[in-house]
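Listed below, chain by chain, are the residues.
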Amino acid sequence: MKRIISLLVLNKPGVLNRITNLFSKRNYNIESISVGLSEQEGMSRITCVIYVESDQQSEQITNQLNKQIDILKVTDITNQAVVARELALIKVQSNPHSRNEIYSLIEPFRASVIDVSKDSLVIQITGESEKIEAFLELIKPYGIKEIARTGTTAFPRGTQRQSQQKHNFSIV
C-alpha cells in the first residue's frame, strides 16, 4: 500500500543520506522524495512516498525515523485530507503540423508551454500524480523526448475531519 510520510528535519549536511539509507537497509523502496526549505529557518520538509505491505511496516519505518537525531517530526499523512502536488517538465517532439493538436491537449490540463524549438515543445504541468500520468498517456503518441518529475510534495489540509470510527455503546 502507498504511504505518504512528511518529515521536518534540521537542514544539515548528511541528513537526507541517513534517511535514504534507513529506507534501503530495511528494503523499502522510495517511489518519490522531495525536499525543500520549510517555513522555519534552518529546517527542511521532506515528503516521501513509499510502498509497504502492511500497516505494521509503515509503523515500523515511522518509529525508526523518529529515532533519528536530526529528524524533528515524522507524520504519516496518508489517511488525512492532504494537498498533494507534483511538477513535470515534458519535452515532446513537435512539428508545425502537430502543434495545434498538442496545444489542444495542453489547455484542458492547465499545462503550459515554456519552451518552443523547431522540432520540440517543453510543457510544464502541475497537479496530482494521477493527472500527470493521464496527460503523459495522451501526449505519448506524439513522441516524448524527455521527462523530469519532482515527485509528490504534500501536507495536511487546514481542517481535518474527525475519524469515522464506530463507537460501541451499551445501554446495560
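Predicted model only: the values in this text are computed from it and were never measured.

Asks: How would you explain the overall build of the protein chain if you had to name every residue and give the values?
Replies: A count of helices and strands for the protein chain gives four helices and nine strands. Taking 2.2 N^0.38 as the reference for a compact globule, 172 residues should give roughly 16 Å; the C-alpha atoms of the protein chain span a radius of gyration of 20 Å, well beyond that estimate. When its C-alpha atoms are laid out on the principal axes, the protein chain stretches across 75 × 50 × 30 Å. Going through the 172 residues of the protein chain one by one, you find that 35% of them count as buried.

Asks: Got a sec to walk through the pattern of salt bridges? Specific residues and values, please.
Replies: Under the defined criterion, the tally for this structure stands at eleven salt bridges. One salt bridge connects arginine 3 with aspartate 55, and the closest N-O pair in it is separated by 3.8 Å. In this pair, arginine 3 is assigned in strand 1 (residues 2-10) and aspartate 55 in helix 2 (residues 55-66), connecting sequence segments 52 residues apart. Judged by its relative accessible area of 51%, aspartate 55 is exposed. Close ionic contact of glutamate 39 with arginine 45 constitutes a salt bridge, the shortest N to O distance being 3.1 Å. By relative accessible area, which is 61% here, glutamate 39 ends up exposed. Of the residues examined, arginine 45 reaches a relative accessible area of 25% and is grouped as partly exposed.

Asks: Quick rundown of the sheet that holds strand 1? Include the residues and the values.
Replies: Each strand in a sheet pairs with another by means of backbone hydrogen bonds, the pair being arranged parallel or else antiparallel. What the four strands build is an open sheet, ordered 2-3-1-4; its pairing is antiparallel. With partners counted over all chains shown, the strands left at the sheet margins are strand 2 (30-37) and strand 4 (71-76), one partner each. In this sheet, neighbouring strand axes are inclined to one another by 15° on average, regardless of whether the strands run parallel or antiparallel. As defined by bridge partners, strand 2 adjoins strand 3 (residues 43-51) across seven bridges and the pair is classed as antiparallel. Across the sheet, the residue bridging to serine 34 is threonine 47, located in strand 3. The strands touched by helix 1 (residues 15-25) within the sheet are strand 1, strand 2, strand 3 and strand 4, with strand 2 carrying the most contacts at an inclination of about 160°. Set on the sheet, helix 2 makes contact with strand 1, strand 3 and strand 4; between it and strand 1 the angle comes to about 5°.

Asks: So what about the packing of aromatic side chains? Which residues, and what values?
Replies: Taken as a whole and judged by the stated rule, the model has one aromatic pair. With 5.2 Å between their ring centres and 65° between their planes, phenylalanine 109 and phenylalanine 135 make a pair best called edge-to-face. Remark: phenylalanine 135 occurs in helix 4 (residues 129-139) and phenylalanine 109 occurs in the loop between helix 3 (99-106) and strand 6 (112-116); sequence separation between them is 26 residues. The same class applies to phenylalanine 109 as to phenylalanine 135, namely buried.

Procedures and definitions
- Position labels on residues start from 1 in each chain and follow its written sequence.
- Totals for whole chains, interfaces and linings use every residue, but because this is a predicted model, local features are given only for residues with pLDDT of at least 70 and side-chain atom pairs only at 80 or more, for both listing and counting.
- With hydrogens and water stripped out, all remaining heavy atoms of the structure feed into the side-chain values.
- Under the DSSP-based scheme used, a helix requires at least four consecutive residues in state H or I and a strand at least two consecutive residues in state E, with every element numbered from the N terminus.
- Based on C-alpha atoms, the radius of gyration is set beside the globule rule, defined as 2.2 Å times the residue count to the power 0.38.
- Residue exposure (1.4 Å probe, protein chains only): buried if accessible area is under 20% of the type maximum, exposed if over 50%, otherwise partly exposed.
- Think of a salt bridge as a Lys or Arg side-chain nitrogen and an Asp or Glu carboxyl oxygen that are within 4 Å of each other.
- Only strands joined by at least two bridges in the DSSP assignment are considered to pair.
- Axis definition: a line fitted to C-alpha atoms, over the contacting stretch in the case of helices. Angles run 0 to 180 degrees between N-to-C directions.
- Any two residues whose heavy atoms approach within 4.5 Å are treated as being in contact.
- Two rings belonging to Phe, Tyr or Trp (six-membered ring only in the last case) form a pair when the distance between their centres is within 6.5 Å. Interplanar angles under 30 degrees mark stacking, angles over 60 mark edge-to-face geometry, and anything in between is tilted.

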